[in-house]
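Here are the chains, one letter per residue:
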Amino acid sequence: MRKLYINRNLIVLIISIIVLMDQITKLIALNYLADNYIVKLIPGILHLNLVTNYGAAFSILNNSSLLLKYISLVASLVFALMIFLNFYKTKLEQLGLAFLMAGSIGNGIDRWLYGYVIDFIDIKAINFPIFNIADIAINVAILIILLDILNKRKKNIYNQTNYNYKTNITINSKVDE
């Protein structure tokens, strides 16, 4: 069975665009949201509010900057190897790994440059933790990988029905006597 892949150059472009968007928006946040300045894009719903996150998602491992620096570095290297050594089996897996790598690189850059991650997107309507573009990429990666798992399950269930593709009849079906 021939594996279908997304062109590696396109994968590198996707990763680069996400990391670039992440870092540019963080620089803008650092320059314009300092001194507790909050921008209310949609009052009560969507605000821009600069915070520094010394932990991982939802402040897990708070004040473990050194450990998280190395975790982000190792994770990025592992994702790179998985992508460039064709570790994946589907285009969705490949795309999911690309988004995961981009998010890991984006937050990893912050950890190595500042010792913390810069977060600034604040969804007030649901009282969600403040996040950034790299966090969005990581969550999109999770959704893509879950979609791939569901897609594989659907194909597996479909293949187990013993469906004959050429004649459009089901094999091993019982005929009423």
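Conventions used here
- Residues numbered from 1 in each chain as written.
- Predicted model: local features only at pLDDT ≥ 70, side-chain atom pairs only at ≥ 80, totals over all residues.
- Heavy atoms only, no water.
- Phe/Tyr/Trp six-rings, centres within 6.5 Å; stacked < 30°, edge-to-face > 60°.
- Buried < 20%, exposed > 50% of the residue type's maximum accessible area, 1.4 Å probe, protein only.
- Lys NZ or Arg CZ within 6 Å of the ring centre and 35° of its normal.
- Salt bridge = Lys/Arg side-chain N within 4 Å of Asp/Glu carboxyl O.
- Helix = DSSP H or I, 4+ residues; strand = E, 2+ residues; numbered from the N terminus.
- Expected span 1.5 Å × (residues − 1).
- Arc of directions from axis to C-beta.
- Contact = heavy atoms within 4.5 Å.

A.B. asks: Just to check I follow, could you spell out the packing of aromatic side chains for this structure?
C.D. replies: For any two aromatic rings, the description comes down to two numbers: the centre-to-centre distance and the angle of the planes. Overall, the coordinates contain four aromatic pairs when judged by the stated rule. Ring centres 5.7 Å apart and planes at 25° place the aromatic pair tyrosine 114 and tyrosine 116 in the stacked group. Taking the relative accessible area as the measure of exposure, tyrosine 114 reaches 32% and is therefore partly exposed. Judged by relative accessible area, tyrosine 116 falls into the buried class, the value being 16%. Among the aromatic residues, those joined into a ring-pair cluster are Tyr54, Tyr114 and Tyr116. Above the face of the tryptophan 112 ring, lysine 69 is positioned so that its terminal group lies 5.2 Å from the ring centre.

A.B. asks: I would appreciate a short explanation of the pattern of salt bridges in the present structure.
C.D. replies: Close approach of charged atoms lets side chains of opposite charge pair. By the definition in use, this model includes five salt bridges. We note a salt bridge from lysine 124 to aspartate 122, for which the minimum N-O separation is 3.2 Å. Judged by its relative accessible area of 4%, aspartate 122 is buried. A salt bridge links aspartate 148 to lysine 152, with the nearest nitrogen and oxygen atoms 3.2 Å apart. In this pair, aspartate 148 and lysine 152 are both assigned in helix H4 (residues 133-159), four residues apart and thus about one turn of the helix distant. The buried category is assigned to aspartate 148, whose relative accessible area is 3%. A relative accessible area of 33% places lysine 152 in the partly exposed class.

A.B. asks: I'm lost on unusual backbone geometry in this one. Help?
C.D. replies: The phi torsion of most residues other than glycine is negative, and most of the peptide bonds are trans. Of note, asparagine 127 is a non-glycine position whose phi angle comes to about 55°, a positive value. Structurally, the position occupied by asparagine 127 is in the loop between strand E3 (117-123) and H4.

A.B. asks: When you look at helix H2 (residues 65-84) in this model, what are you seeing that I'm missing?
C.D. replies: Since one α-helical turn is 3.6 residues long, residues separated by three or four positions face the same way. The end-to-end C-alpha separation of H2 is 28 Å, in line with the 28 Å expected for 20 residues at 1.5 Å each. Listed as buried for H2 are Ser65, Leu68, Lys69, Ser72, Ser76, Phe79, Ala80, Met82 and Ile83. Considered in projection along H2, the buried side chains sweep an arc of 165° and stay on one side of the axis. Set apart from the buried face of H2 by more than 90 degrees, the exposed residues are Leu66, Leu77 and Leu81. Along its buried surface, H2 packs onto helix H1 (8-32) and helix H3 (91-114). Following H2 by one or two positions, asparagine 86 adopts a phi angle in the positive range, close to 55°.

That is the geometry; function is a separate question.
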